[in-house]
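Coordinate analysis (summary)
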Amino acid sequence: MLVRTKAPLRISFAGGGTDVPPFPQQEGGCVLSATINRYAYGTLRTREDQQINIESLDYGLSVNYNPEDLMTFDGKLDLVKAAIVKMDGRGEVGFDVFIHSDAPPGSGLGSSSAMMVALVGLLKEFKGLPLTDYDVAELAYVIEREDLAIKGGLQDQYAAAFGGFNYIEFLPDHVIVNPLKIRPAIVNELQYNLLLCYTGSSRLSSNIIEDQVKRYESGEQDSLDALRQLKAMTIEMKNALLRSRLDDFGDLLHHEWEQKKRMSHKISAPILDEMYDEARKTGALGGKITGAGGGGFMLLYCRFDKKHKVAERLKEMGCTITEFAFEPFGLQTWRV
């Protein structure tokens, strides 16, 4: 048997940080995001014996386990091992797992969580489990955040499982995914005016998130106010998008980034601030570092006649421009 899966990466427009516990449990959070045509992939191939082999095609890493071996989390392909321990429990059938991704961890596009969603989908298909998109997202969150204790929020797992444009609400005891019906013309115009570039540096999001949580739990007023402002602005951005007010959307993207930087001094860096300021001077209405911040990809909204100038300036500063398209579908699995 050969099973394949892919889960899309995402761009988070607003609300990132309000999905990180304990804020959603205490005040409720929300994010606005969309998935793009970059993916985390997985393949599972059954074996005649009970051995399990795991291989990352991106990093050239592989681990092998015999039936009597105990899987340990040692930093080598732990996402895959944790998913197998949670969902397979070392069953009677052995298999090979191959994984790869269109973006590395630390890119700010939710690649690690998309990979976890892809792995849950892969094992779900292999085991024939009747899991909904909500079930897949929640299970991916539990494995990544609780079993592996990787710091982070809830948004990436739900974005990858559901796909498309979503306004996602994080309430004290459950999550609500609200798919947004945006006219194709607006999706095309938004994509035409957005610029996605790699800043040349990645970051460890868990360190940034840990600092953010400490500030929130200590009652630091600046961090608290920023999170509450982010919630309000996420709703504004959703309404601007639904009402085709894209220039307003671009302006709000700028204000969202200004608020987000208040949550932790680690969210930005002098070189990132310089790149962003140059982009604004050249013609970008607004933008942000995607994900937790600190590096990775920068997303900018530009007027169509200024976009090429912004791209040229950022390339001069060492950035790499990345073409992308919005992806309407979430997790997909199939058998070959």
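Residues numbered from 1 in each chain as written. Predicted model: local features only at pLDDT ≥ 70, side-chain atom pairs only at ≥ 80, totals over all residues. Heavy atoms only, no water.

1. Examining the pairing of strand β8 (residues 194-198)
To keep things clear, this is the line we draw: The cut-offs for exposure are 20% and 50% of the maximum accessible area for each residue type, with area from a 1.4 Å probe on protein chains only; residues under the lower value are buried, those over the upper are exposed, and the others partly exposed. Counting from the N terminus, the helices are DSSP H or I runs at least four residues long and the strands are E runs at least two residues long. What makes two strands pair is DSSP finding at least two bridges between them.
With four of five residues buried, β8 lies mostly within the body of the structure. Bridge count between β8 and strand β10 (residues 297-302): five bridges; the pairing is antiparallel. When the sheet's bridge partners are listed, C197 is paired in β10 with M298. In terms of strand pairing, β8 meets strand β11 (residues 320-322) through three bridges, oriented antiparallel. Bridge pairing links C197 to I321 in β11.

2. Quick word on the environment of T199
Worth spelling out the cut-off: Whether two residues are in contact is decided by their heavy atoms, any of which lying within 4.5 Å being enough. In protein, a polar contact means a hydrogen-donor-capable atom and an acceptor-capable atom, both N or O and within 3.5 Å, with residues adjacent in sequence counting only if both atoms are side-chain atoms; elsewhere, any N or O pair within 3.5 Å suffices.
Assignment of secondary structure puts T199 in the loop between β8 and α7 (205-217). The exposure class of T199 is buried, given its relative accessible area of 7%. Expressed as a C-alpha distance, the spacing of T199 and M275, which sit 76 residues apart in the sequence, is 8.4 Å. Ignoring any residue separated from it by four or fewer positions in sequence, one finds T199 in contact with L272, M275, I289, G295, G296, M298 and C319. For T199, the side chain forms a polar contact with the main-chain oxygen of G296, separated by 2.7 Å.

3. Notes on a negative patch on the surface
Which entries qualify depends on this criterion: Nonpolar side chains (Val, Leu, Ile, Met, Phe, Trp, Tyr) within 5 Å and like charges within 9 Å form the patches, drawn only from residues with over 30% relative accessible area and no salt bridge. Areas reported here follow the Shrake-Rupley algorithm with a probe of radius 1.4 Å; residue values treat only the protein chains shown as occluding. Salt bridges, as used here, are contacts in which a Lys or Arg side-chain nitrogen is within 4 Å of a carboxyl oxygen on Asp or Glu. Charge counting follows a simple rule: Lys and Arg are positive, Asp and Glu are negative, and His as well as the terminal groups are ignored. Where a charge lies is defined by one atom per residue type: Lys uses NZ, Arg uses CZ, Asp uses CG and Glu uses CD.
There is a patch of like negative charges on the surface, built from D133, D135, E138 and E146. Looking at the element boundaries, D135 is found in helix α4 (residues 133-147).

Geometry only, nothing functional implied.
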